[in-house]
Amino acid sequence: MPESPEISYRSVERADAEAIMEIYNREVLGSRITLDLVPRSHSEQVAWIDEHSGAYAAIVAVKEGVVIGFASISPYRIRPGYSTTVEDSIYIDPDHRGMGVGKALLSRIVDTAAKHGFHACMARVAAGHVASLALHHSVGFFKVGVEQEVGRKYGQWIDMVLLERILNS
Ligand SMILES: CC(C)(COP(=O)(O)OP(=O)(O)OC[C@H]1O[C@@H](n2cnc3c(N)ncnc32)[C@H](O)[C@@H]1OP(=O)(O)O)[C@@H](O)C(=O)NCCC(=O)NCCS
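Please read all numbers here as calculations on a predicted model, not as lab measurements.

Chemist: Any details on the pattern of salt bridges? Residues and values, ideally.
Modeler: Side chains that carry opposite charge are capable of pairing whenever their charged atoms lie near each other. Here the structure, examined in full by the defined rule, presents seven salt bridges. The closest approach of N and O atoms between Glu-13 and Arg-10, which form a salt bridge, is 3.9 Å. We note a salt bridge from Arg-124 to Glu-147, for which the minimum N-O separation is 2.9 Å. Of this pair, Arg-124 sits in strand 5 (residues 120-126) while Glu-147 sits in strand 6 (residues 142-153), placing them 23 residues apart in sequence. Judged by relative accessible area, which is 28%, Arg-124 ranks as partly exposed.

Following this line, the structure appears as structure tokens:
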């Protein structure tokens with residue numbers, strides 16, 4: 001699917017906090033695809049943006065001045081030997097899904113991770129989340145395996161699929 005010329009992509013800014021919160025908190029409260037249980041506050045969202053303004057970057061998709069999605073990379077594990085690996089996160093506003101925005105954002109954040117010197121990018125996707133699995137496969141991720149019943153939300157166990165893409169390869 002060709003990229004839409006109406007949509008631009010740029011690094012996250014503090015002014016994006018409300019838009020990102022709206023997109024993210026909808027999934028916190030209404031789905032099992034994020035294992036966060038409590039919605040982010042404005043100050044937590046601003047702190048998140050600050051943390052994602054350096055090597056661990058975040059990119060937003062903007063249409064007619066409105067943020068319609070974001071993707072980020074974060075540390076994978078805290079032990080120092082994992083410092084060359086990141087984990088991605090990606091969320092698109094429901095009215096703009098299935099139009100190629102996720103693929104454009106994930107491709108860009110993976111390229112950014114490579115440019116920033118990281119070596120591998122991981123993703124954890126709730127089992128059965130067809131859209132996110134398809135998105136990651138379409139951007140070159142392969143399935144590592146399934147972590148069984150590692151999550152629990154709204155009274156259900158959740159299996160997580162671990163995916164990986166080696167960068168610069
Ligand atoms: C998952 C998500 C980010 C996908 O973004 P999107 O913009 O809708 O995806 P795109 O339109 O860029 O599609 C990317 C690829 O996935 C495929 N895809 C997207 N949605 C799909 C669906 N529901 N079923 C099957 N395939 C799907 C597309 O066909 C495309 O594949 P292709 O490149 O081989 O043609 C989006 O649905 C979303 O934000 N969901 C809620 C938040 C979320 O689940 N985040 C991920 C947490 S792990």
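And the narrative resumes.
Chemist: Break down the site of the ligand for me, citing the residues and quoting the values.
Modeler: Not every one of the 20 residues close to the ligand is listed here, only the nearest: Ile-90, Ile-92, Gly-102, Lys-103 and His-129. Measuring from an oxygen atom of the ligand, one finds a side-chain N or O atom of His-129 at 2.4 Å. Within the complex, 72% of the 920 Å² of free accessible area of the ligand lies under protein. Contributions of two or more residues to the shell around the ligand are made by strand 4 (85-92), helix 3 (101-115), strand 5 and helix 4 (130-138).

Chemist: I'd love a proper account of the nonpolar core, names of residues and values included.
Modeler: In this structure, Tyr-9, Val-101, Leu-105, Leu-106 and Phe-141 are the most contacted members of the largest nonpolar core, which totals 30 residues. Sorting the residues of this core by element identifies strand 1 (7-11), strand 2 (58-63), strand 3 (66-75), strand 4, helix 3, strand 5, helix 4 and strand 7 (156-166) as the ones contributing at least two each. Take this core: its biggest share by element is eight residues, from helix 3. Setting aside residues no more than four positions away along its own chain, Leu-105 makes contact with Tyr-9, Ile-59, Val-60, Ala-61, Gly-69, Phe-70, Ala-71, Ile-90 and Ile-92. Formed by 15 residues, the second largest nonpolar core is a distinct cluster that contains Ile-23, Tyr-24, Val-67 and Phe-70.

Chemist: Could you give an account of the sheet that holds strand 2, with specific residues and numbers?
Modeler: Read from one edge of the open sheet, seven strands run 1-2-3-4-5-7-6, paired in mixed fashion. Here the strands that pair on one side only, and so sit at the sheet edges, are strand 1 and strand 6. Averaged over all neighbouring strand pairs, the angle between strand axes comes to 25°, with direction disregarded.

Chemist: Can you break down the packing of aromatic side chains residue by residue, with the values?
Modeler: Across all of its chains, the model carries five aromatic pairs by this definition. Both rings, one in Tyr-24 and one in Tyr-91, keep their centres 5.0 Å apart while their planes meet at 80°; by these two values the pair is edge-to-face. A residue pair is termed long-range when its members are at least 10 positions apart, and Tyr-24 in helix 1 (residues 17-30) and Tyr-91 in strand 4 qualify at 67 residues. In this pair, the class of Tyr-24 matches that of Tyr-91, namely buried. By the ring-pair criterion, three or more aromatic residues cluster together here, those being Tyr-24, Trp-48, Phe-70 and Tyr-91. The positively charged end of Arg-108 is found above the aromatic ring belonging to Tyr-9, 4.2 Å away from the centroid. Here the basic side chain of Arg-152 rests over the ring of Trp-157, its NZ or CZ set 4.5 Å away from the ring centre.

About the criteria used
Residues numbered from 1 in each chain as written. Predicted model: local features only at pLDDT ≥ 70, side-chain atom pairs only at ≥ 80, totals over all residues. Heavy atoms only, no water. Salt bridge = Lys/Arg side-chain N within 4 Å of Asp/Glu carboxyl O. Helix = DSSP H or I, 4+ residues; strand = E, 2+ residues; numbered from the N terminus. Buried < 20%, exposed > 50% of the residue type's maximum accessible area, 1.4 Å probe, protein only. Near = heavy atom within 4 Å. Polar contact = N/O pair within 3.5 Å; in protein donor to acceptor, adjacent residues only side chain to side chain. Areas by Shrake-Rupley, 256 points an atom, 1.4 Å probe, with all protein chains shown as cover. Core = buried A, V, L, I, M, F, W, Y, C linked by side-chain atoms within 4.5 Å. Contact = heavy atoms within 4.5 Å. Pairing = 2+ DSSP bridges. Axes fitted to C-alpha atoms, helices over the stretch in contact; angles between N-to-C directions. Phe/Tyr/Trp six-rings, centres within 6.5 Å; stacked < 30°, edge-to-face > 60°. Lys NZ or Arg CZ within 6 Å of the ring centre and 35° of its normal.

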